[in-house]
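Here is what each chain is made of, one letter per residue.
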Amino acid sequence: MHRRCGALAGGAGPRVAVGWPVRSGQLRLAGLVRPRRFSSDPFRPASVVTEDLRENPVVQTVWRRHREGSRPGARTDGRRVALVIEGGGMRGVVSAGMAAAIEQLGLRDVFDEVHGASAGAFNAAFLLARQAAYLATLYGYGFGDPKFVSALRALRGGPAFDMDHVINHVWRHQRPLRYEKIADSGIDLHCTATDADRAAILDLTDLRTHHDIRCALRASGRLPWLAGGPVEFRGLRLLDATLAEAIPVHIARTTATDLLVLQTRPHGVAHTPLSPLVAKLTDRYLRAINPDLVHLRETRSERYDALTAELAGQAGEPGHEPAVCVIRPAVGATVVSQMEARQTVLQTAAADGMRAAWMALAGEDPELIGTLRAYPRGPGETEDHANGSGRENLDPATHLDRPLDVERSETLNRA
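Thresholds, definitions, all that
- Residues numbered from 1 in each chain as written.
- Predicted model: local features only at pLDDT ≥ 70, side-chain atom pairs only at ≥ 80, totals over all residues.
- Heavy atoms only, no water.
- Helix = DSSP H or I, 4+ residues; strand = E, 2+ residues; numbered from the N terminus.
- Buried < 20%, exposed > 50% of the residue type's maximum accessible area, 1.4 Å probe, protein only.
- Contact = heavy atoms within 4.5 Å.
- Areas by Shrake-Rupley, 256 points an atom, 1.4 Å probe, with all protein chains shown as cover.
- Phe/Tyr/Trp six-rings, centres within 6.5 Å; stacked < 30°, edge-to-face > 60°.
- Lys NZ or Arg CZ within 6 Å of the ring centre and 35° of its normal.
- Axes fitted to C-alpha atoms, helices over the stretch in contact; angles between N-to-C directions.
- Left-handed = near helix turned anticlockwise from the far one by under 90°.
- Nonpolar A, V, L, I, M, F, W, Y, C, P; charged D, E, K, R; others polar.
- pLDDT = per-residue confidence, 0-100.
- Expected span 1.5 Å × (residues − 1).
- Salt bridge = Lys/Arg side-chain N within 4 Å of Asp/Glu carboxyl O.
- Parallel < 35°, antiparallel > 145°, perpendicular 65-115°, else oblique.
- Core = buried A, V, L, I, M, F, W, Y, C linked by side-chain atoms within 4.5 Å.
- Polar contact = N/O pair within 3.5 Å; in protein donor to acceptor, adjacent residues only side chain to side chain.

1. A short note on the overall build of the protein
Within the protein, the secondary structure is distributed over 15 helices and 12 strands. Relative to its 415 residues, the protein shows a buried fraction of 54%. In the protein, the proportion of contacts linking residues at least 24 apart, taken out of those at least 6 apart, comes to 75%. Accessible surface, the protein as shown: approximately 19,500 Å² in total, 53% of it carbon and sulfur.

Written out as structure tokens, the structure reads:
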């Protein structure tokens, strides 16, 4: 029988070529079902990064210390350099990307103290543990477990955002934070929080044990009503740091000679107030704890924008004490909400942060890629200052992750 290649026949069933006897199994093999589309590449540049800050005195101090091999606790330059990290819920992925740049550039040990607010405190702890890129990746997976967010749990009276589960379980057993490396770094970790009874910002430091660090991280990121009641630590009731101060400079200004500030909102983007409904629910929750907290919530946007303008002015003022350098995402960069959950958006925002910091510190807009990287668990690990992986000879038994990574060029070597 002569078989000819005919047009595709229509109808209710699968579309097949006329004249060919086709079995159902052959349809699957032929791949006539429309293939799924691949996701877009979140690491391709979506904005133009041009802010080279290598002439800023803070950045010059950072690179001089790096060249000299200066180590925490053994300084000879009479300076004290603080890294200040803004958070803001899932928007903290931006400063996580910036911290990943600092890690890969090998600059962790130039700092004497690191201050973090809310998710910025998480980024600070993981940077000191040499896991900054590790955490930047975990943002896209609910910090390591999608069960972190649950509307059903909230309807049952529990927290919608369960950071206790992430900090006390995921970061201890599933995606462990290397607490011992934080202590061994010699760099002071400061986690800020809001004192619920005094309605004031509070600095949590002298964190000597794993338990202390976990409590400080829980307190710094305890979003009002969405994440549960106040965290009790050191005899205090504590709430999310951003209620009182989103950019944790209040202590750093008094202890450091140089401030490198990582902000999460792009240039030209102001603080967005809560919607009327969310503001009403938040105020009801805060009023039951301390009515003065409502005033903090109402004035938060105004105070944030004023502080951002103040820091920008100080960064451009020669001879200002303390010296200030501010790194922000570029105009046109991804604007991330506090509750963003889309993985590609979070990856793009992390990439925007990393590119902004790399340009600011090394004078180059680098090429980024998501790559597998091993983070050894065992005692055989060695220090790797350039990328934070912690090992030179990889063990095939180690687990793999997909952190941000940068293809480095000769520009870095000239920094």
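2. Some points on the packing of aromatic side chains
Inspection of the entire model under this criterion finds nine aromatic pairs. With centroids separated by 5.4 Å and ring planes inclined at 80°, the aromatic side chains of Phe122 and Trp171 adopt a geometry described as edge-to-face. Remark: Trp171 occurs in helix H7 (residues 163–174) and Phe122 occurs in helix H4 (residues 119–128); sequence separation between them is 49 residues. For Phe122, a relative accessible area of 3% corresponds to the buried category. Members of the aromatic cluster, connected to one another through ring pairs, are Phe122, Phe126, Tyr134, Tyr139, Phe143, Phe148, Phe161, Trp171 and Tyr375. Positioned over the ring face of Tyr304 is Arg265, at 4.6 Å from the centre of the ring.

3. Some points on the packing of H7 against helix H9 (residues 210–220)
The N-to-C vectors of H7 and H9 enclose an angle of 145°; their axes lie 9 Å apart at closest approach. Between H7 and H9 lies a crossing whose hand is right-handed. Here Asp164, Ile167, Asn168, Trp171 and Arg172 of H7 come into contact with H9, specifically with Arg214, Leu217 and Arg218. Per-class residue counts for the contact of H7 with H9 are three nonpolar, one polar and four charged.

4. Focus on the confidence of the model for the protein
For the protein, per-residue confidence averages 85 on the pLDDT scale, and 82% of positions sit at 70 or higher. Here residues 382–386 scores under 50 on pLDDT; set against residues more than four positions off or in separate chains, the count is 21 contacts.

5. Here we look at helix H3 (residues 92–104)
In a regular helix each residue adds 1.5 Å, so 13 residues correspond to 18 Å; H3 covers 18 Å between its end C-alpha atoms and thus fits that length. Of all the 13 residues making up H3, 13 are buried; the element is thus mostly covered by neighbouring parts of the structure. One or two steps after H3, the chain reaches Gly106, where phi turns positive at roughly 75°.

6. With respect to the pattern of salt bridges
Inspection of every chain in the model, using the stated rule, returns 23 salt bridges. Arg342 is the salt-bridge partner of Glu340, the closest N and O atoms lying 2.8 Å from each other. Residues participating in the shared-partner salt-bridge network are Arg64, Arg65, Glu68, Arg75, Asp77 and Asp112.

7. Digging into the packing of H3 against helix H14 (residues 343–362)
At a closest axis distance of 7 Å, the pairing of H3 and H14 adopts a crossing angle of 45°. With respect to H14, the element H3 is oriented oblique. Of the two elements, H3 crosses H14, and the hand of that crossing is right-handed. Contact residues: H3 offers Val93, Val94, Gly97, Met98, Ala100, Ala101, Ile102 and Gln104, while H14 offers Leu346, Ala349, Ala350, Gly353, Met354, Ala357, Trp358 and Leu361. A breakdown of the residues in the contact of H3 with H14 according to their chemical character gives 13 nonpolar, three polar and no charged.

8. Looking at the environment of Leu53
Looking at the secondary structure, you find Leu53 in the loop between helix H1 (24–30) and helix H2 (57–68). Separated by 307 residues in sequence, Leu53 and Ala360 place their C-alpha atoms 4.6 Å apart. Setting aside chain neighbours within four positions, we find Leu53 in contact with Val59, Cys325, Val326, Ile327, Met359 and Ala360.

9. A few points about the nonpolar core
By size, the foremost hydrophobic cluster in this structure holds 88 residues, and its most contacted members are Phe143, Trp171, Leu217, Leu260 and Ile327. The greatest single-element share of this core, amounting to 11 residues, is contributed by H14. Counting residues in each nonpolar core, the second largest holds 14 residues, with Ala246, Tyr304, Leu307 and Val324 among its members.

10. Remarks on the environment of Asn56
You can see Asn56 is positioned in the loop between H1 and H2. For Asn56, a relative accessible area of 10% puts it in the buried group. Considering only alpha carbons, one finds Asn56 and Leu361, 305 residues apart in sequence, at a separation of 9.5 Å. Excluding residues that lie within four positions of it along the chain, Asn56 makes contacts with Ala315, Val324 and Cys325. Within polar-contact distance, the side chain of Asn56 engages the backbone nitrogen of Val58 at 2.8 Å.

11. Focus: the environment of Leu202
Among the structural elements, Leu202 can be located in strand E4 (residues 200–204). Along the backbone, Leu202 and His190 are 12 residues apart, and their C-alpha atoms lie at a distance of 9.9 Å. Dropping the residues within four chain positions of it, Leu202 is found in contact with Cys191, Thr192, Ala193, Asp195, Leu236, Leu238 and His250.

12. Some thoughts on the side chain of Asn123
Counting through the fold element by element, Asn123 comes out in helix H4. With residues near it in sequence (within four places) discarded, Asn123 still touches Ile85, Gly92, Ser95, Ala96, Leu135 and Tyr139.

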